[in-house]
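A closer look at the structure
This is what each chain is made of:
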Amino acid sequence: MSERKYSKFLPLLPIPFIISYYIPWFSFFAFLPIFFYFEKKQYLKPVFFTFFPYLLFIFSGVYKSTHTYYGLFFLVSLALVLLLAIYQTGYILTATRIYKSSRLPLPFFAVTFVAFEFLKNKLFYGMPIGNLNILTYNLPYFIKDASLFGSLYIDFKIILINIALFYLLKRKFLQTIVILVPLIAVNLIPLSKPISSTWVSLDIVQGNIPQQDKWKENLLYKNLEKYINLSKHLKAELVLWPESAYPYLFDPKASVNIKKLVRKSTFALVFGALTRENKNYYNSVVFYTKKTVRYYHKRELVPFAEFVPLSNLLHLSDYNFARGKKGVIFEYRHFKIAPLICYEENFEQLSREYKKSGANLIVVLTNDAWFDKTPTFTLFPRSDVYRALENRIWLARSANTGLSFIVNPDGKIAYFIKPDTTAVLKAKFNLTVYPKTFYDRFGWLFGYFLLALSILLPFYRKYISRKA
């Protein structure tokens, strides 16, 4: 078949990935059409036609959040989505170009692909969203070895399984076995056993306040009262409200309604609020008990939403939130709470640092109502499963309209509230504590290892070729 005839099928290439977003096992076949194009010596074009539309699909909610709710001109919002997809596609195209020039066997494509995902996660301000592992977040047995090498290993494994199936179709049985046997062997390594456990109770309040109503001045008090009324009679040890649940600038001296709620209750309250310190404004988590008020300030801010990149050069720093400087662990009874806010759930090093510091519960406060019913609404929560599994730690996610849930250290969602409902998730569970995982100790180096391979192997191939 001629190259022109093959080109007719290019618009179909993103379909397997879009299906995989909803049917996870489909991701084990999604790369096969791309590999058939590789056989015909077509590389960059099929990769672009696959991932650019797919990334537009998963990031489509950015248009909804910036245009409908933030009020940007629709062309500006559209441009932001396009630039985001182009930026991430650029990493994949670069990885493909290196693979093409290396003339190495197909498994090297898995190395370069994941190596450049790792670079995307780290370079500039970091953008660890949209990685392949989001496709298989709800296959707990398949992803269990994230506790060894992190979520990037799952990306690597997805591509290798596709390669093994491609070899199988080509009747290259030895190559298929060489790929699958090590993957199966690693997956058979048992998960670590707990070193301690204690029963705890935790409630998550999902206020379900529509984004269009959340910041209307005449509704602010009503929105706060909704969370207070839902929490008045709760008997848990710990109660979580989502990001920005407190709709005013938080001042513990002026927040009489919060003080009254906690004084009459048995729980510690953790909620999101805007705070101010030394003329700096922060997106914060507030930890409020009868005896103390403590704060965590968000460290990883969302570009163009919470800060303007290069703002100092552009003289736009007045429009930025201040950046928190360190992690904070809140201690209450048996809980050692590691707070994260929204976008931070995607940064695996933050959760790893918390685990190494002795936390036994990661708490994510967020407001995904910005994304409404778009695919992006379910994008960020998928990362939380990996944060729990990588570190073998319990994780609770509190969201305004959802998704609110609790993930156990095996990477399974143990408790869940349906999205777009006003409800309280009441959970009583055995808070198991696990030792540091292999990932905590050494597995986080996996991305660096693949990056080194993607740089060194092509040079080695050229060196061998010259000697021959």
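Just above, that's the structure.
We now turn to the structure provided with this report. (Residues numbered from 1 in each chain as written. Predicted model: local features only at pLDDT ≥ 70, side-chain atom pairs only at ≥ 80, totals over all residues. Heavy atoms only, no water.)

On to the overall build of the chain, then. For the chain, the helix and strand inventory stands at 19 helices and 13 strands. If one aligns the C-alpha atoms of the chain with their principal axes, the spans along those axes are about 80 × 55 × 40 Å. Out of the 468 residues in the chain, the part that is buried amounts to 55%. For the chain, the share of sequence-separated contacts (at least 6 apart) that also reach a separation of at least 24 residues comes to 70%. By element, 63% of the accessible surface of the chain is carried by carbon and sulfur atoms, the whole surface being about 21,800 Å². Both charge centroids of the chain, one from 59 positive and one from 28 negative side chains, sit 6 Å from each other. (Helix = DSSP H or I, 4+ residues; strand = E, 2+ residues; numbered from the N terminus. Buried < 20%, exposed > 50% of the residue type's maximum accessible area, 1.4 Å probe, protein only. Contact = heavy atoms within 4.5 Å. Areas by Shrake-Rupley, 256 points an atom, 1.4 Å probe, with all protein chains shown as cover. Lys, Arg positive; Asp, Glu negative; His and termini not counted. Charge placed at Lys NZ, Arg CZ, Asp CG, Glu CD.)

Turning next to the pairing of strand 6 (residues 293-297). Pairing geometry for strand 5 (residues 280-288) and strand 6, over 5 bridges, is antiparallel. Across the sheet, residue Val286 finds its bridge partner in strand 6, namely Tyr295. (Pairing = 2+ DSSP bridges.)

Moving on: the sheet that holds strand 9 (residues 361-366). One open sheet accounts for 6 strands, arranged 7-8-9-10-11-12; its pairing is mixed. Pairing within the sheet leaves two strands with one partner each, and these edge strands are strand 7 (330-332) and strand 12 (413-417). Ignoring strand direction, the axes of neighbouring strands in this sheet form an average angle of 20°. Note that strand 11 (residues 404-407) and strand 12 share 4 bridges and pair antiparallel. When the sheet's bridge partners are listed, Ile406 is paired in strand 12 with Tyr415. Here helix 16 (residues 348-356) sits on the sheet and contacts strand 8 (335-341) and strand 9; the angle it forms with strand 8, its principal contact strand, is near 165°. Contacts between helix 17 (residues 381-391) and the sheet are confined to strand 9, strand 10 (394-399), strand 11 and strand 12, with strand 10 contributing the most and set at about 160° to the helix. (Axes fitted to C-alpha atoms, helices over the stretch in contact; angles between N-to-C directions.)

All right, on to unusual backbone geometry then. Residue Leu403 is bonded to the preceding Gly402 through a cis peptide linkage, with omega at 0°. Within the element layout of this structure, Leu403 appears in the loop between strand 10 and strand 11. Look at Ser244: it is not a glycine, yet its phi comes out positive at around 55°. Among the structural elements, Ser244 can be located in the loop between strand 2 (238-240) and strand 3 (246-249).

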